[in-house]
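Spelled out from the first residue to the last, the chains are:
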Amino acid sequence: ERRLLRYAPHSIVKVVLRHKFTVARGKDPKAVAVEIEESVVERVAEGSDRGWFLVKPHREKLDDVRVQRLVSELAAMPVAEFKPAEDPKAQDLEPPQVEVLLTSAGVATPLVVRFGASTAGNRRRIAQVPGMDDWALIEERRFEDLPTQRKHLRSDVIFPFSREQLKSFAIRAPGAG
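Every value quoted in this text rests on a predicted model; they were computed, and no experiment measured them.

## Section: the overall build of the protein chain
Summing up its helical and strand segments, the protein chain has 3 helices and 9 strands in all. Each principal axis of the C-alpha distribution contributes one length, and for the protein chain these read about 65 × 50 × 30 Å. For the protein chain, the proportion of its 177 residues judged to be buried stands at 35%. Counted over contacts in the protein chain with a minimum sequence separation of 6, partners at least 24 positions apart contribute 56%. When the 30 basic and 26 acidic side-chain charges of the protein chain are each reduced to a single mean position, those positions are 4 Å apart.

As structure tokens, this is what we get:
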């Protein structure tokens, strides 16, 4: 099976996500600017605060399962076909729609994958791994299922604490009977 990247998901300790979006500027609806949202996520392996944390632009505990899903699904991402590289700007790769950098423990240089435009009637998406001569085409549904923005990595838990951190817990509802 042809895969987009080859690495051991359990060895990843840092993930950088860059997501491109457009912002309206001024009163003219056609005046838009391209901005990049960058999120840096790191894994903490020691102490009571174990798990994945957003460390840039601010510090926040993330859902460990969602971050690990991103890391694992990228490691298992199959390539539908390869095609010769073309003009990156024409394929929405400069800047890319989404760029993911994965850093393994003890390795200084991250693995990088860039996702560009949809092709083939929105059924496939172009993916570029720096250093590869060809571009990979992956199934669009696989890309759409990836949690590639920090909002996709946040926990839905209302009270983010563990039993070890909890000393007492009380709910007061005056007038509730």
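## Concerning the sheet that holds strand E9 (residues 134-139)
If you trace the 9 strands from one edge of the open sheet to the other, you get E4-E3-E2-E1-E6-E7-E8-E9-E5, paired in antiparallel fashion. One side of each edge strand has no neighbouring strand; the edge strands of this open sheet are strand E4 (60-61) and strand E5 (81-84). In this sheet, E9 lies alongside strand E8 (residues 124-128) in antiparallel orientation, the contact comprising 4 bridges. Looking at the pairing, Arg124 lines up with Glu139 of E9.

## Section: the pairing of strand E6 (residues 98-104)
A large share of E6 lies buried, amounting to 7 of its 7 residues. Covered by surrounding structure in E6 are Val98, Val100, Leu102 and Ser104 together with Glu99, Leu101 and Thr103, the residues of both alternating faces. Sheet analysis places strand E1 (residues 12-24) next to E6, joined by 7 bridges and oriented antiparallel. For His19, the partnering residue across the bridge sits in E6 and is Val98. Bridge count for E6 against strand E7 (residues 111-119) is 5 bridges, and the pairing is antiparallel.

## What to know about the pattern of salt bridges
Here the structure, examined in full by the defined rule, presents 14 salt bridges. Here Glu60 and Arg154 are joined by a salt bridge, their closest N and O atoms 2.7 Å apart. Of this pair, Glu60 sits in strand E4 while Arg154 sits in the segment after helix H3 (150-153), placing them 94 residues apart in sequence. Among the salt bridges present, the one from Glu144 reaches Arg125, with a minimum N-O distance of 3.7 Å. Here the residue Glu144 occupies a position in helix H2 (residues 140-145), and Arg125 occupies one in strand E8, the gap between them amounting to 19 residues.

Rules used throughout
Residues numbered from 1 in each chain as written. Predicted model: local features only at pLDDT ≥ 70, side-chain atom pairs only at ≥ 80, totals over all residues. Heavy atoms only, no water. Helix = DSSP H or I, 4+ residues; strand = E, 2+ residues; numbered from the N terminus. Buried < 20%, exposed > 50% of the residue type's maximum accessible area, 1.4 Å probe, protein only. Contact = heavy atoms within 4.5 Å. Lys, Arg positive; Asp, Glu negative; His and termini not counted. Charge placed at Lys NZ, Arg CZ, Asp CG, Glu CD. Pairing = 2+ DSSP bridges. Salt bridge = Lys/Arg side-chain N within 4 Å of Asp/Glu carboxyl O.

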